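Chain by chain, the residues:
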Amino acid sequence: MRPLARLRLTAQGWAEVLEADPSLGLEGQGTCAELVQGQDPFGRPLCARCPVQRELKRGAYRASTPFLLKGKRLRCQGYRENGGYLVELYPERAEPPDLLLELSRLTQHLLRHPEAFPDALERFLGTLRQGLGMDAAELFLADPEGHHLILTAYEGLHREAFLEKPWFHLGEGYPGIVALHREPLFTHALQQDPRYLRQKVKQLGYQTYICYPLELPHGLIGVLNLAARNPGLDHEEALEALSRIAPLFASTLYTLLTRLGEVGLLALGERLHRGEVSEARQTFLQGLKRLAQATGVRLVTPAGERMELGLVPPCAMQDCPAWRGEVVGLKNGLPQCPEAEGRPRICLPLWAKGQVAAVGTLFHARAPKPPTGPAAPALWFSRLAVPLLFPQSEARELDLEVYALGGFRLRFRGKELSPKDFGRSGAYRLFKFLLANKDRALYTDDLAEAFFPELEPERARQEVYALVYHLRKALPGIVEREGEYYRLRLPERRFLDFERFEELMRKADLEEGLSAFKTLRQALELYKGPLFGDDPYGEWAEAERTYLQERALSGLLRLGDLAEALGYKEVAKEAYARALKLEPFLQEAKRRLEALRG
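Residues numbered from 1 in each chain as written. Predicted model: local features only at pLDDT ≥ 70, side-chain atom pairs only at ≥ 80, totals over all residues. Heavy atoms only, no water.

K.L.:
For this particular structure, what's the right way to read the nonpolar core?
P.N.:
The tendency in soluble globular proteins is for nonpolar side chains to be buried as a group. One finds Leu139, Leu214, Phe249, Leu253, Phe284 and Leu348 to be the most contacted residues of the largest nonpolar core, which totals 73 residues. The leading source of residues in this core is helix H8 (residues 235-273), at 14 residues. In this view, Leu214 contacts Leu139, Leu220, Ile221, Gly222, Val223, Leu224, Ala246, Phe249, Ala250 and Leu253; residues no more than four positions away in its chain are not counted. Ranked by size, the runner-up nonpolar core spans 72 residues in total, among them Leu442, Val464, Ala516 and Ala552. (Core = buried A, V, L, I, M, F, W, Y, C linked by side-chain atoms within 4.5 Å. Buried < 20%, exposed > 50% of the residue type's maximum accessible area, 1.4 Å probe, protein only. Helix = DSSP H or I, 4+ residues; strand = E, 2+ residues; numbered from the N terminus. Contact = heavy atoms within 4.5 Å.)

K.L.:
Before we go on, may I ask you to explain the pairing of strand S18 (residues 400-403) in this structure?
P.N.:
The side chains of a regular strand alternate between both faces of the sheet. In S18, alternate side chains face the same way, and those of Leu400 and Val402 on one face and Glu401 and Tyr403 on the other are all buried. Here S18 pairs with strand S19 (residues 409-412) via four bridges, running antiparallel. In the sheet register, Leu400 faces S19, and the bridge partner there is Phe412. Linking S18 to S19, which pair antiparallel, is a turn of five residues; within it Gly406 sits at a positive phi near 95°. Two elements, S18 and strand S24 (residues 494-496), share three bridges in a ladder whose sense is parallel. Bridge pairing in S24 links Val402 to Leu496. (Pairing = 2+ DSSP bridges.)

K.L.:
I would appreciate a short explanation of a nonpolar patch on the surface in the present structure.
P.N.:
A cluster of nonpolar side chains, Leu514, Leu566 and Tyr568, forms an exposed patch at the surface whose accessible area comes to about 250 Å². Tracing the backbone through its elements, the reader meets Leu566 in helix H17 (residues 542-566). (Patch = residues over 30% accessible without salt bridge, like charges linked within 9 Å, V, L, I, M, F, W, Y side chains within 5 Å. Areas by Shrake-Rupley, 256 points an atom, 1.4 Å probe, with all protein chains shown as cover. Salt bridge = Lys/Arg side-chain N within 4 Å of Asp/Glu carboxyl O.)

K.L.:
Honestly, the sheet that holds strand S3 (residues 29-31) in this entry has me stumped. Any pointers?
P.N.:
Strands pair in a sheet through their backbones, by hydrogen bonds, and they do so in one of two ways: parallel or antiparallel. Here six strands make up an open sheet; going across it, the order is S3-S2-S1-S6-S5-S4 and the pairing antiparallel. Sheet topology places S3 and strand S4 (62-69) at the edges, where each strand pairs with a single neighbour. Going across the sheet, the axis of each strand differs from the next one's by a mean of 30°, ignoring polarity. Bridge analysis of strand S1 (residues 5-9) against strand S2 (residues 14-20) gives five bridges, and the strand direction is antiparallel. What sits directly across from Arg6, in S2, is Glu19. Against the sheet, helix H3 (residues 99-112) contacts S4, strand S5 (72-81) and strand S6 (84-91), and its axis sits at roughly 35° relative to S5. (Axes fitted to C-alpha atoms, helices over the stretch in contact; angles between N-to-C directions.)

K.L.:
In this structure, what is going on with the pattern of salt bridges? I would like to understand it.
P.N.:
Opposite charge on two side chains lets them pair, provided their charged atoms get close. If you walk through the whole model with that rule in mind, you get 47 salt bridges. Between Glu122 and Arg159 there is a salt bridge, with the nearest N and O atoms lying 3.7 Å from each other. Here Arg159 lies in helix H5 (residues 159-162) and Glu122 lies in helix H4 (residues 117-131), a separation of 37 residues in the sequence. The class for Glu122 is partly exposed, based on a relative accessible area of 27%. In this structure, Glu570 engages Lys573 in a salt bridge whose closest nitrogen and oxygen atoms are separated by 3.5 Å. Of this pair, Glu570 and Lys573 both sit in helix H18 (residues 569-582), three residues apart, roughly one helical turn. Look at Glu570 and you get exposed, because its relative accessible area is 56%.

K.L.:
Hey, could you run me through the sheet that holds strand S17 (residues 355-363) in this one?
P.N.:
In space, the five strands of this open sheet follow the order S14-S13-S17-S16-S15, with antiparallel pairing throughout. One side of each edge strand has no neighbouring strand; the edge strands of this open sheet are strand S14 (306-310) and strand S15 (328-330). Here the strands of the sheet are splayed against their neighbours by 15° on average, with no regard to which way each runs. Across the face of the sheet, helix H9 (residues 277-292) comes into contact with strand S13 (296-300), S14 and S17 while running at roughly 45° to S14. Helix H10 (residues 375-382) rests against strand S16 (345-352) and S17 of the sheet, and its axis sits at about 25° to S16.

K.L.:
How do you make sense of the environment of Asp534 when you look at a structure like this?
P.N.:
With respect to the element layout, Asp534 can be found in the loop between helix H16 (513-526) and H17. For the pair Asp534 and Ala404, spaced 130 residues apart in sequence, the C-alpha to C-alpha distance is 8.5 Å. Once residues lying within four places of it in the same chain are set aside, the contact partners of Asp534 are Gly407, Phe408 and Lys432. At 3.0 Å, the side chain of Asp534 forms a polar contact with the side chain of Lys432. (Polar contact = N/O pair within 3.5 Å; in protein donor to acceptor, adjacent residues only side chain to side chain.)

K.L.:
Mind showing me how you'd approach the side chain of Gln207 here?
P.N.:
Among the structural elements, Gln207 can be located in the loop between helix H7 (199-203) and strand S11 (208-216). Sequence-distant contacts of Gln207, that is, excluding residues within four places in its chain, are made with Thr187, His188, Ala189, Leu190, Gln191, Gln192, Ala228, Arg229 and Pro231.

K.L.:
Sorry if this is basic, but what is going on with the packing of aromatic side chains here?
P.N.:
Remark: the centre distance and the inter-plane angle together describe each pair of aromatic rings, the angle taken between the planes. Evaluation of the coordinates by the stated rule reveals 18 aromatic pairs. On the numbers, 5.4 Å between centres and 65° between planes, the contact of Phe433 with Phe451 is edge-to-face. Here Phe433, found in helix H12 (residues 425-436), pairs with Phe451, found in helix H13 (residues 444-451); they are 18 residues apart in sequence, far enough to count as distant. Residue classification places Phe433 among the buried positions, given a relative accessible area of 12%. (Phe/Tyr/Trp six-rings, centres within 6.5 Å; stacked < 30°, edge-to-face > 60°.)

K.L.:
I keep staring at unusual backbone geometry and nothing clicks. Help me out?
P.N.:
Working note: non-glycine residues mostly have negative phi, and peptide bonds are mostly trans. Cis geometry is found at the peptide bond from Lys369 to Pro370, where omega equals -10°. Of note, Pro370 is situated in the loop between S17 and H10. Within the chain, Asn82 stands out as a residue other than glycine whose phi angle is a positive 50°. Residue position: Asn82 is located in the loop between S5 and S6. With a relative accessible area of 66%, Asn82 lands in the exposed category. A positive phi is found at His158, a non-glycine position, where the angle reads about 55°. With respect to the helices, strands and loops of the structure, His158 is situated in the loop between strand S8 (148-156) and H5.

Dropping the structure here:
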């Protein structure tokens, strides 16, 4: 059905009438409230506090509200579109919406705003439910390994009844049967059907239930369900509508979930290529927490290593059923983990090459709707990254990671350390001093002079011994003594960003063309600022700091030169701009950048 009027709005609410029925008297430009001047059902001004724009500005891809215009009962329907909004006006009791058009708008919105996944799915299910005259609509997504179907989105009446069992094995219940046989299933006598397992839904009088597979050529992505209490609903009309939208809906879900995993994998790949295993795992945790909108996440490896981000309740996670490949939880309808207690959570098996490589826990201080909603998206997000992050061999785990370019961060045996972990701030600074001289043995008297110039020599030496004691306590085995000399004993399994930067720069010196271009980009990504940028006035690091900055400047100029030769003009501009940021008076970079900008 064609709308009575269509308006295009900017993000600030400025409206342009694209088309309108003459009887509505809409013409010209202005704010939407000035042009429409609609009223709520009680005759009060509505457009000045427009609920449609409010929901769209909060991130919804569609919103609607009934209102009065010149005595006519209409419905205002709004969509996000190209940085602004498209508003359409329909009679209040118009024909059902075009579901393919609605799905197309959902797809466009999710590809631009994947973080809106839960809310957008719920809104689309609401449109689908109302368009087909149903009381409830739900979406089950299959996990990537094809073991479970997990309730991911729900919209409609009697939510708690449908949450009685939010997961199914393949072949179990209506969703599991449809997933196994890949054929639609429907009934108008739900209460007498033993295949339907939710007793609370039956007790509420639901009679019509339609299950439809969301299938792609290479497998099943999920199952879409519709339910109604009216036994006389036409299932053929619903099945025909689902047959039209199911292929596009399945493709949208698969594309979005795979794309989320690919984007995360790119960030992980760069870090793993540079040997930053702990940083890569931290990046993965951040992406998982953001996607699941969780308060906290935890990962545990079979060896017992734990990584946490945010607030997560304690749990032993030694005999958790997730290690056997089951999706479990606490107080959310999933099979209950015998080790968990206290607040609700979700425990997920993370697979690699057919084995559970790690177990992840999602904790939400405020339960999502539905409580199992984040589980399946989290599993799809993880499927590409887990085999790289948790290989069967733990040989790539590092004993020491130091990030000293642009700031200073330290991880020792997987744990991030702060100055407080060293007992005395001087011990923390001593470690940085030794790092700056990592290839030299340092005489005790020289350390005493550098750290305690105001003290008597003997007292200063005693203070140095105390700092070394605290340093060895925080980093066992990292400092060795040779008579009156100290030197760092760096572990073989280590990552020092400034050391890796120099290695890559030397490698680039021996290369030409595209190989040199790739190596330089990789090296310069590590250079985030001066050495020990958190202590810019430390004279003890000045020589090494100056040397590395000169290497970065020459590398940026060469990178820009190679980029120009290879036709990557934007990369060249970025390289010269970075060089000028490091050295504002570098005339060569300034000249080349001006030439590129014309």
